[in-house]
Amino acid sequence: QVQLVESGGGLVQAGGSLRLSCAASGRNYAMGWFRQAPGKEREFVAAISYSGSSTSYADFVKGRFIISRDNAKNTVYLQMNRLKPEDTAVYYCAAGNTLYSGSDRDEYIYWGRGTQVTVSS
């Protein structure tokens, strides 16, 4: 069983930055970040392979967000820069059971409870 705990969310002005963290307990492999805005489906944001050598991003965050991981700390990060009001959502960390995972929610087995990110205009 893998438990995931997100932190680092909050209120920020447009153009600002936040760094989300996801602490994992237990064995984990590929990791990802998803988000869900009110009234919308949960959508893929970014993913990182177990080694950290492979990453992928949704088009709407490319060039602004960076996913990284520190396996010694069992933690995955999402650095969010140049935030926009449309980035407002609950951000969820997810863990797969393979070395690589992509943008499909079904590839992920474990989910955190989420952390709220609110970007004001």
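Quick caveat, the model's predicted, so the values are computed rather than measured.

## Concerning the pattern of salt bridges
Close approach of charged atoms allows side chains with opposite charge to pair.
Okay, step 1: Taken as a whole, this structure holds four salt bridges when the rule is applied.
Okay, step 2: Residue arginine 35 is joined to aspartate 87 by a salt bridge in which the shortest nitrogen-to-oxygen separation is 2.9 Å. Here the residue arginine 35 occupies a position in strand β4 (residues 31-36), and aspartate 87 occupies one in the loop between β8 (75-80) and β9 (89-96), the gap between them amounting to 52 residues. This pair shows no difference in class: arginine 35 is buried, exactly as aspartate 87 is.
Okay, step 3: A salt bridge links lysine 62 to aspartate 59; its shortest N-O distance comes to 3.2 Å.
Okay, step 4: Connected via shared salt-bridge partners are Arg35, Glu43, Arg64 and Asp87.

## Here we look at the sheet that holds strand β3 (residues 18-25)
Okay, step 1: What the four strands build is an open sheet, ordered β1-β3-β8-β7; its pairing is antiparallel. Each of the sheet's edge strands pairs with one partner strand only, and the pair in question is β1 (3-7) and β7 (65-70). Each strand of the sheet is rotated relative to its neighbour by a mean of 15 degrees, with strand direction disregarded.
Okay, step 2: In terms of strand pairing, β1 meets β3 through five bridges, oriented antiparallel. Across the sheet, residue glutamine 3 finds its bridge partner in β3, namely serine 25.

## Focus: the environment of serine 68
Okay, step 1: With respect to the secondary-structure elements, serine 68 resides in strand β7.
Okay, step 2: Expressed as a C-alpha distance, the spacing of serine 68 and glycine 32, which sit 36 residues apart in the sequence, is 10.0 Å.
Okay, step 3: If near-sequence neighbours (up to four positions away) are discounted, serine 68 is found in contact with Ile48, Thr75, Val76 and Tyr77.

## Notes on the side chain of aspartate 87
Okay, step 1: According to the relative accessible area criterion, aspartate 87 is buried, its value standing at 0%.
Okay, step 2: Residues contacting aspartate 87, with those up to four places away along its chain left out, are Arg35, Arg64, Phe65, Arg82, Val117 and Val119.

## Here we look at the pairing of β8
Okay, step 1: Judged by how many residues are buried, β8 sits mostly within the fold: five of six residues are covered.
Okay, step 2: Two elements, β3 and β8, share six bridges in a ladder whose sense is antiparallel. Bridging across to β8, serine 21 finds its partner in tyrosine 77.
Okay, step 3: Where β7 meets β8, six bridges bridge the pair, whose relative direction is antiparallel.

## Side note on the state of the cysteines
Okay, step 1: Following the criterion strictly, the structure yields one disulfide and no others.
Okay, step 2: Disulfide pairing is shown between cysteine 22 and cysteine 93; the S-S distance is 2.0 Å. Classification of the bridge connecting cysteine 22 and cysteine 93 rests on its S-S torsion, roughly -80 degrees, and on that basis the disulfide is left-handed. With a gap of 71 residues between them, cysteine 22 in strand β3 and cysteine 93 in strand β9 connect regions that are remote in the sequence. Considered together, cysteine 22 and cysteine 93 belong to a single accessibility category, that of buried residues.

Rules behind the numbers
- Residues numbered from 1 in each chain as written.
- Predicted model: local features only at pLDDT ≥ 70, side-chain atom pairs only at ≥ 80, totals over all residues.
- Heavy atoms only, no water.
- Salt bridge = Lys/Arg side-chain N within 4 Å of Asp/Glu carboxyl O.
- Helix = DSSP H or I, 4+ residues; strand = E, 2+ residues; numbered from the N terminus.
- Buried < 20%, exposed > 50% of the residue type's maximum accessible area, 1.4 Å probe, protein only.
- Pairing = 2+ DSSP bridges.
- Axes fitted to C-alpha atoms, helices over the stretch in contact; angles between N-to-C directions.
- Contact = heavy atoms within 4.5 Å.
- Disulfide = S-S within 2.5 Å.

In short, geometric facts, not functional conclusions.
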